[in-house]
Amino acid sequence: MFEPDGLRYTSRVIDLARLAAIPDPPPIRSAAVQRGIAGSVAYLGSDAALQSLARDPYWPKWDSPWWHMLLLHELGEARQIPARAAAAMVAAIDRLLHTFPIRPEDAPGVDRHRDLSCHCALGTMAPVLAACGVDVDRGLPWVKPWFVRYQMADGGLSCDDTAYLQTGECPSSMVGTVAPLEAMLLGEVDSSEQRAFVDRAAGFLIDRALIHGSSSVHNAEERDAAPAWRSLAFPRFYFYDVLRGLAALVRWAEVTEQAIPASAIALVVEALIERAPDGVLRVERHAHAGCSTIMPTADRSPSPRGPTSLFPLLEAVSVIGEPSEALTRQWAVARAGLLRLARAGRIVDRS
């Protein structure tokens, strides 16, 4: 299986020696990021944050408790999220509909923006809450069964409810799949349903080789967006890029003691090696740019759309071209996992 210059398959090589030689850089954190972290922690401890959560757990983008909490977690600072904010988030999510309506008759009269959640939203927030010390299985026991219920035939999911009504094709989504996979890999994979879910979701990423958009007619928009995934984004929030997919796949292989086909990851691994021989990854795109947001109202009157707004920590960590502490750390963790898998003979050529 192994050859002197790495693991060969078809026309690609994972150069294990180069992978192992990449250094682990020290943490990269500017004074502006430190100030931003302090500001977000202070906001989450405020009455204004609790009032926002009481009004809506998710909206508006990008400056409500949801986004402050996600970003702190991505920076490894979830432990600083005030306990009352985490408890209020659990309560706010639990007020939402516990199903994902696909047909109008599934939930008549609901506001589809404000009364329910989606797969990528639940998948991103569950790890945040777990990192805050919340027992997610106990506090939100319906979330993991939700992921299992809405997994599609190819192992993916889609936050587009109309995707589930398509026949003759399976228009699943990378964005809708990666966060639920991450959430289901929290802790032990301790049930047959959970194990089947993560194996099928990992198979979905493998079949897409981490880089390919949907081949379906219904989800042609994702196919057009897929080239952007090769440019690393920060913060991710619920968005996808190839490093996020690689990290999830490595985590799956280690948790479940499975093998990864080299053909599924070599292109991404080699590109990352070439991009950052010193181990330092930089922000390459703003996945969150160009969006609008629902502006929730306190009295539940119709919610208008408006422009998104940023907050200091988000601005500080998303400067294009600047080193990213979080991306650099995730790449270091993924590299270490890849080398462990290689030593165990669990990066394989399935051709």
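Scroll up for the structure.
Below you will find a few notes about this structure. (Residues numbered from 1 in each chain as written. Predicted model: local features only at pLDDT ≥ 70, side-chain atom pairs only at ≥ 80, totals over all residues. Heavy atoms only, no water.)

## Describing the side chain of Glu222
As for its placement among the helices and strands, Glu222 is situated in helix 11 (residues 220-225). Within polar-contact distance, the side chain of Glu222 engages the backbone nitrogen of Ser214 at 2.7 Å. Non-local contacts of Glu222, meaning those with residues more than four positions away in its chain, are made with Ser172, Ser173, Met174, Val175, Arg208, Gly213, Ser214 and Trp229. (Helix = DSSP H or I, 4+ residues; strand = E, 2+ residues; numbered from the N terminus. Polar contact = N/O pair within 3.5 Å; in protein donor to acceptor, adjacent residues only side chain to side chain. Contact = heavy atoms within 4.5 Å.)

## Re the nonpolar core
One finds Leu129, Leu246, Ile265 and Trp331 to be the most contacted residues of the largest nonpolar core, which totals 109 residues. Setting aside its immediate chain neighbours within four residues, Ile265 contacts Ile14, Leu210, Leu246, Leu249, Ile260, Leu338 and Ile347. (Core = buried A, V, L, I, M, F, W, Y, C linked by side-chain atoms within 4.5 Å. Buried < 20%, exposed > 50% of the residue type's maximum accessible area, 1.4 Å probe, protein only.)

## Quick look at the packing of helix 10 (residues 192-207) against helix 12 (residues 242-256)
Between helix 10 and helix 12, whose axes approach to 10 Å, the crossing angle comes to 140 degrees. Viewed along their axes, helix 10 and helix 12 adopt a mutual orientation that is oblique. Viewed along their axes, helix 10 and helix 12 form a crossing whose handedness is left-handed. Between helix 10 and helix 12, the contacting residues are Arg195, Val198, Asp199, Ala202, Leu205 and Ile206 on the first element and Gly245, Ala248, Leu249, Trp252 and Thr256 on the second. By residue class, the composition of the contact of helix 10 with helix 12 is seven nonpolar, two polar and two charged. (Axes fitted to C-alpha atoms, helices over the stretch in contact; angles between N-to-C directions. Parallel < 35°, antiparallel > 145°, perpendicular 65-115°, else oblique. Left-handed = near helix turned anticlockwise from the far one by under 90°. Nonpolar A, V, L, I, M, F, W, Y, C, P; charged D, E, K, R; others polar.)

## As for helix 4 (residues 65-74)
With nine of 10 residues buried, helix 4 lies mostly within the body of the structure. For helix 4, the complete set of buried residues consists of Pro65, Trp66, Trp67, His68, Met69, Leu70, Leu71, Leu72 and Glu74.

## Some details on unusual backbone geometry
Following Lys61, the chain continues to Trp62 via a peptide bond in cis, the omega torsion being -10 degrees. Tracing the sequence through the fold places Trp62 in the loop between helix 3 (47-55) and helix 4. Put simply, Phe234 and Pro235 share a cis peptide bond, and its omega is -5 degrees. For Ala209, which is not a glycine, the phi torsion comes out positive at approximately 50 degrees.

## Quick look at the pattern of salt bridges
Scanning the entire structure with this criterion turns up 16 salt bridges. Linking Arg29 and Glu325 is a salt bridge whose minimum nitrogen-to-oxygen distance equals 2.9 Å. With Arg29 in the loop between helix 1 (16-21) and helix 2 (31-44) and Glu325 in helix 15 (residues 325-343), the pair connects residues that are 296 residues apart, well separated along the chain. With a relative accessible area of 27%, Arg29 lands in the partly exposed category. With a relative accessible area of 14%, Glu325 lands in the buried category. In this structure, Arg79 and Glu77 form a salt bridge, with 3.3 Å as the shortest nitrogen-oxygen distance. By relative accessible area, Arg79 is classed as exposed at 63%. The buried category is assigned to Glu77, whose relative accessible area is 6%. Members of the salt-bridge network, linked through shared partners, are Arg29, Glu77, Arg79, Glu325 and Arg329. (Salt bridge = Lys/Arg side-chain N within 4 Å of Asp/Glu carboxyl O.)

## Let's talk about helix 12
The terminal C-alpha atoms of helix 12, which comprises 15 residues, lie 21 Å apart, in line with the 21 Å expected from a rise of 1.5 Å per residue. Among the 15 residues in helix 12, 12 count as buried, and that is most of the element. The complete set of buried residues in helix 12 reads Val242, Leu243, Arg244, Gly245, Leu246, Ala247, Ala248, Leu249, Val250, Trp252, Ala253 and Thr256. Of the surrounding elements, those touching the buried residues of helix 12 are helix 6 (119-131), helix 9 (174-184), helix 10, strand 4 (260-261), helix 13 (262-275) and helix 15. Measuring from the backbone nitrogen of Leu243 back to the side-chain oxygen at the start of helix 12 gives 3.2 Å, which picks out Asp241 as the cap. Glu257 occupies a position one or two residues after helix 12 and carries a positive phi of about 60 degrees. (Expected span 1.5 Å × (residues − 1).)

## Topic: the environment of Tyr240
In this fold, Tyr240 is placed in the loop between helix 11 and helix 12. Classification of Tyr240 by relative accessible area gives buried; the value is 1%. Spatially, the C-alpha atoms of Tyr240 and Ala121 are 13 Å apart, while their sequence positions differ by 119 residues. Not counting chain neighbours up to four residues away, the residues in contact with Tyr240 comprise Met174, Val175, Val178, Leu210, Trp229, Gly245 and Arg285. Within the local environment of Tyr240, its side chain forms a polar contact with the backbone oxygen of Leu210, the two atoms lying 2.7 Å apart.

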